[in-house]
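Residue-level listing of the chains:
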Amino acid sequence: MKILVVMGTRPEVIKLAPVVAALRRRKGLRTLVCATAQHRELQDQMLKTFDIKPDFDLDLMRKGQSPDAIARRVQASLDPLLARIKPDLVIVQGDTTTAMAAAMCAHKRHIPIAHVEAGLRSHDLENPFPEEGNRVIIDHIATLHFPPTQKAKANLKKEGIKGPGVIVTGNTVVDALRWADKKIKIRPASADAREVLVTFHRRESFGAPLKGIFHALITLVRRHADLVLIYPVHPNPQVRLAAKRWLRHPRIRLVKPLPYLEFLRLMKRVHFLITDSGGLQEESVCLHKPVLVARTVTERPEIIAAGAGKLVGLSQKNLIYWATKLLNDKALHRRMSRAQNPYGDGKASERITSAIALWAIRARRTLLQKCRK
Ligand code: UD1
Ligand code: UDP
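Residues numbered from 1 in each chain as written. Chains lettered and ligands numbered in written order. Predicted model: local features only at pLDDT ≥ 70, side-chain atom pairs only at ≥ 80, totals over all residues. Heavy atoms only, no water.

**Student:** Would you mind showing me how to read the overall build of the protein chain here?
**Tutor:** Looking only at helices and strands, the protein chain features 15 helices and 12 strands. Over its C-alpha atoms the protein chain spans a radius of gyration of 21 Å, differing by no more than 12% from the 21 Å that the globule rule assigns to 373 residues. Dimensions of the protein chain, computed from C-alpha atoms along their principal axes, come out at roughly 75 × 40 × 40 Å. Put simply, the protein chain has 373 residues, and 56% of those count as buried. Within the protein chain, residue pairs in contact and separated by at least 24 positions form 67% of the contacts whose partners lie at least 6 positions apart. About 16900 Å² of surface is accessible on the protein chain, with carbon and sulfur atoms providing 53% of the total. (Helix = DSSP H or I, 4+ residues; strand = E, 2+ residues; numbered from the N terminus. Rg over C-alpha atoms; globule rule 2.2 N^0.38 Å. Buried < 20%, exposed > 50% of the residue type's maximum accessible area, 1.4 Å probe, protein only. Contact = heavy atoms within 4.5 Å. Areas by Shrake-Rupley, 256 points an atom, 1.4 Å probe, with all protein chains shown as cover.)

**Student:** Would you mind showing me how to read the site of ligand 1 here?
**Tutor:** The local shell around ligand 1 holds 23 residues, among which Glu41, Leu42, Glu131, His201 and Arg203 are the closest. His201 places a side-chain nitrogen or oxygen 2.8 Å from an oxygen atom of ligand 1. Here Arg203 contributes a side-chain N or O atom positioned 2.6 Å from an oxygen atom of ligand 1. For ligand 1, whose unbound accessible area comes to 770 Å², protein coverage reaches 97%. For the shell around ligand 1, the element with the most residues is helix α2 (residues 40-49), which contributes 3 residues. A per-class count over the shell around ligand 1 returns 6 nonpolar, 9 polar and 8 charged. (Near = heavy atom within 4 Å. Polar contact = N/O pair within 3.5 Å; in protein donor to acceptor, adjacent residues only side chain to side chain. Nonpolar A, V, L, I, M, F, W, Y, C, P; charged D, E, K, R; others polar.)

**Student:** Help me out: how do you make sense of helix α6 (residues 150-158) in this one?
**Tutor:** One full turn of an α-helix is made of 3.6 residues, so residues set three or four places apart face in the same direction. Turning to α6, its buried residues number three or more, namely Ala152, Asn155 and Leu156. For α6, the arc enclosing every buried residue in end-on projection is 100 degrees, short of the 170-degree limit, so these residues lie on one face. For α6, exposure combined with an orientation more than 90 degrees from the buried face picks out Gln150, Lys157 and Lys158. At its buried positions, α6 is contacted by α5 (131-141), β6 (144-146) and α12 (301-306). Count one or two residues on from α6 and you reach Gly160, which has phi positive near 85 degrees. (Arc of directions from axis to C-beta.)

**Student:** Help me out: how do you make sense of the packing of aromatic side chains in this one?
**Tutor:** Two measures describe an aromatic ring pair: the distance that separates the ring centres and the angle between the ring planes. Inspection of the entire model under this criterion finds 5 aromatic pairs. A centroid spacing of 6.2 Å and a plane angle of 80 degrees characterise the contact between Phe200 and Phe214, whose relative ring orientation is edge-to-face. You can see Phe200 sitting in the loop between β7 (194-199) and α8 (208-223) and its partner Phe214 sitting in helix α8, a full 14 residues away along the chain. Every member of this aromatic cluster is reached through a ring pair, and the members are Phe50, Trp179 and Tyr260. (Phe/Tyr/Trp six-rings, centres within 6.5 Å; stacked < 30°, edge-to-face > 60°.)

**Student:** Would you mind showing me how to read the site of ligand 2 here?
**Tutor:** What surrounds ligand 2 is a group of 16 residues, the closest being Leu258, Ser277, Gly278, Gly279 and Glu283. Here His201 contributes a side-chain N or O atom positioned 3.4 Å from an oxygen atom of ligand 2. Within the contact set of ligand 2, a nitrogen atom lies 2.7 Å away from a backbone nitrogen or oxygen of Leu258. Relative to its unbound accessible area of 540 Å², ligand 2 is 94% covered by the protein chains. At the level of secondary structure, the elements contributing two or more residues to the shell around ligand 2 comprise α1 (10-25), α10 (260-269) and α11 (278-286). It is α11 that provides the largest number of residues to the shell around ligand 2, a total of 4 residues.

**Student:** Where do I start with the sheet that holds β7 in this structure?
**Tutor:** Each strand in a sheet pairs with another by means of backbone hydrogen bonds, the pair being arranged parallel or else antiparallel. Pairing is parallel in the open sheet, where 6 strands are placed in the order β9-β8-β7-β10-β11-β12. Sheet topology places β9 (252-255) and β12 (309-311) at the edges, where each strand pairs with a single neighbour. For this sheet, the mean inter-axis angle between neighbouring strands, taken without regard to orientation, is 20 degrees. When strand β11 (residues 291-293) meets β12, the two strands line up parallel, connected through 3 bridges. Paired with Val293 across the strands is Leu311, a residue of β12. Packed onto the sheet, α10 meets β7, β8 (227-232) and β10 (272-275) and runs at close to 130 degrees relative to β7. Where α11 meets the sheet, its contacts fall on β7, β10 and β11, and the angle it forms with β10 comes to roughly 165 degrees. (Pairing = 2+ DSSP bridges. Axes fitted to C-alpha atoms, helices over the stretch in contact; angles between N-to-C directions.)

**Student:** Explain the pairing of β8 here, please?
**Tutor:** The buried fraction of β8 amounts to 6 of the 6 residues, a majority that puts the element mostly inside the structure. Burial along β8 is two-sided: the residues Leu227, Leu229 and Tyr231 and Val228, Ile230 and Pro232 are all buried. The pairing of β7 with β8 spans 4 bridges and is parallel. Looking at β8, one finds that Val196 is bridged to Leu229.

Fair warning: the whole summary comes from geometry, so function is off the table for now.
See below:
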């Protein structure tokens, strides 16, 4: 049984690294990794952290790329690779262009697809764009679906995707966190400053919404003399240039993307988070840090329902209101920090591996029966 795991961006590497490790521990499965390098630097930074040496590197990133151009390059490079190595299963994760385009390539060659983190839905094709469309496409052509929660499984069922190939596993982000936790030593927070972690990179926020959010951040540091914002800036030029231009303040620290362990160390230290990131929403609830989600919708409603996060939208007023409340209202901060993690027990990768091993046995049996006939 030959399995090809395809990844290309920072979050895919983080969430697939525990899956690759679990698959490689299982006898009878041969696991190969193809890195598309949709994110050249961010992907490599994470591959190094998890000590993954890809078997294939498609080296696709171009500065200022569009999702469409990346999709075309994945198609052009991955299709001949699939023809050559003939995997029995292709694994993709999440909703990136890498995941969608790789799934399409596999589909066209009649190779079964397994989708890790299946069933997430914002129910708005424009938000996040193009990710919502990507995950819908992948789920409708995949054979094995690994939704992280019951809610994600229910989303699939509403679209007619059900049966033994849909297995709720928890989110592999918890597996990665558990692995990382053993390696992190926490530095205590400074007594004189309250630190807040900020990240932004979503395409639908570019332009006026991002400028508005940055303006709200400036207002917050001006109003709170002990507030320090730490912002590891995404290398996307649209984000980097906007941050440099609109976030000029001595207590707003713009830093380069941090290695995973360093980033988690920082996350454990800060008072709360302001973000539009998917992965950070999940990690914040796991690490008991309140999170303000600066997006109009989230495909991760479990965090809001658990009480760990507030969906503040892209409104400056809302963001300032909730950040001020979290800074002043200790009881609210405590309540949000104590929310239950809805993403499982850190054994998602083992469940995924067991489901794949079982599927492989059944697929083999079906093939043998066909041959006998
Ligand atoms: C992609 C994902 C998004 C995910 C995000 C994670 C899609 C459709 N979206 O965003 O879901 O949340 O990655 O970060 O796939 N760049 C570099 N070096 C890097 C990475 C990026 O220079 O290591 C720059 C490049 O100029 C690139 C730009 O950032 O053009 C944006 O990268 P891209 O892969 O297009 O990211 P998104 O599609 O915005
Ligand atoms: N992350 C990191 N260093 C950083 C910023 C983020 O290691 O400087 C990690 C973070 O812990 C999370 C993931 O990157 O697991 C989130 O990636 P991103 O926000 O780029 O993508 P998304 O999750 O929104 O798709």
